[in-house]
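For reference, the chains in residue letters:
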Amino acid sequence: MKTVGFIPVKLNNVRLPGKNTRELGGRALCSYLFDTVRKVHGLDEIYVICSDPAFQSYVPEGITFLRRPKELDEPTIKSKDILNWFTGTIDADVYALMHVTEPFIKAATIQTSVQKVIEEGYDSAFAAREIKEFSWYQGNPINYSFENVILTQNLEPVYVEGELYVFRKEVFTKLGRRIGVKPYIHPLEWREGICIDDLDDFEMAEAVLMMDQQKAGKGNRYNEKC
């Protein structure tokens, strides 16, 4: 069974121009996912698809650059259009779609999601933030009732999709989507779920890295005292 990972990248971002190559913690945002995905076992091929050939300078060894048509960068283009082009260009049994805007996702999260589809009978998988809060949609509560307000820890979780989707080819070719009828949902840790769409998100990611540096510094000082 051939499994292919692919990472669409466009450079004309509207909400945060240039975000995919913007420096985060002294390195390009895209490099975080590139380094992570190369640690994932079970991906036969990994592609970065971008219309700008200059982006190849960011693509490390072990990942193949594939130039996509310029028209797929238009603001009106939907993810389905990109999926249709890629699955028609690169044949595989299972596809793993990832985005560089989720820099802290773990290799284990990607690998587990791939294995669930390949080995355990799921037709698709996706990573999602699990929220156990009193949640509403269209003016109504969706995970509790006014007559039965339970403890927060006992609430049914609400899931918000992240940036990782794994699906069998037929899920897309027959159903026209990336989530099938029997999906596996992989809960993301808080840090993994940081998705960079705008400047606020980027600053949140910077704050997380700064916190890591501070923790590392405290650990070093402790070791010196010992």
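Scroll up to find the structure.
These lines cover the structure that appears in this document, whether it is placed above or below.

Definitions and cut-offs
Residues numbered from 1 in each chain as written. Predicted model: local features only at pLDDT ≥ 70, side-chain atom pairs only at ≥ 80, totals over all residues. Heavy atoms only, no water. Pairing = 2+ DSSP bridges. Helix = DSSP H or I, 4+ residues; strand = E, 2+ residues; numbered from the N terminus. Axes fitted to C-alpha atoms, helices over the stretch in contact; angles between N-to-C directions. Contact = heavy atoms within 4.5 Å. Salt bridge = Lys/Arg side-chain N within 4 Å of Asp/Glu carboxyl O. Buried < 20%, exposed > 50% of the residue type's maximum accessible area, 1.4 Å probe, protein only. Core = buried A, V, L, I, M, F, W, Y, C linked by side-chain atoms within 4.5 Å.

Things to note about the sheet that holds strand β5 (residues 64-67)
- An order of β5-β4-β1-β6-β10-β7-β11 is seen for the seven strands of this open sheet, with the pairing classed as mixed. Each edge of the sheet is formed by a strand with only one pairing partner; in this case those strands are β5 and β11 (183-188). Put simply, the sheet's adjacent strands are angled 30° from each other on average, direction ignored.
- As judged from the four bridges shared by strand β4 (residues 45-50) and β5, these two strands associate in the parallel manner. Opposite Tyr 47, over in β5, you have Thr 64 as the bridge partner.
- Contacts between helix α3 (residues 107-119) and the sheet are confined to β1 (3-8), β6 (94-97), β7 (124-131), β10 (158-168) and β11, with β10 contributing the most and set at about 60° to the helix.

Topic: the pattern of salt bridges
- For the structure on display, the rule yields eleven salt bridges.
- Between Arg 27 and Asp 35 there is a salt bridge, with the nearest N and O atoms lying 2.6 Å from each other.
- With a relative accessible area of 29%, Arg 27 lands in the partly exposed category.
- Relative accessible area serves as the criterion here: at 30%, Asp 35 is assigned to the partly exposed category.
- One salt bridge connects Lys 106 with Glu 189, and the closest N-O pair in it is separated by 2.9 Å. Of the two residues, Lys 106 is situated in the loop between β6 and α3 and Glu 189 in the loop between β11 and α5 (199-225); the sequence distance between them amounts to 83 residues.
- Its relative accessible area of 39% is what places Lys 106 among the partly exposed residues.

So, the nonpolar core
- Of all hydrophobic cores here, the largest spans 31 residues; its most connected members are Ile 7, Phe 34, Val 48, Phe 55, Met 98, Ile 110 and Val 166.
- At the level of elements, α1 (29-37), β4, β6, α3, β7, β10 and β11 are the ones that each hand at least two residues to this core.
- Once you skip the residues sitting within four places of it in the chain, Ile 7 turns out to touch Leu 33, Phe 34, Val 37, Tyr 47, Val 48, Ile 49, Met 98, His 99 and Val 100.
- If you look at the next biggest cluster of nonpolar residues, it comprises 19 residues, including Ile 49, Ile 82, Phe 167 and Ile 179.

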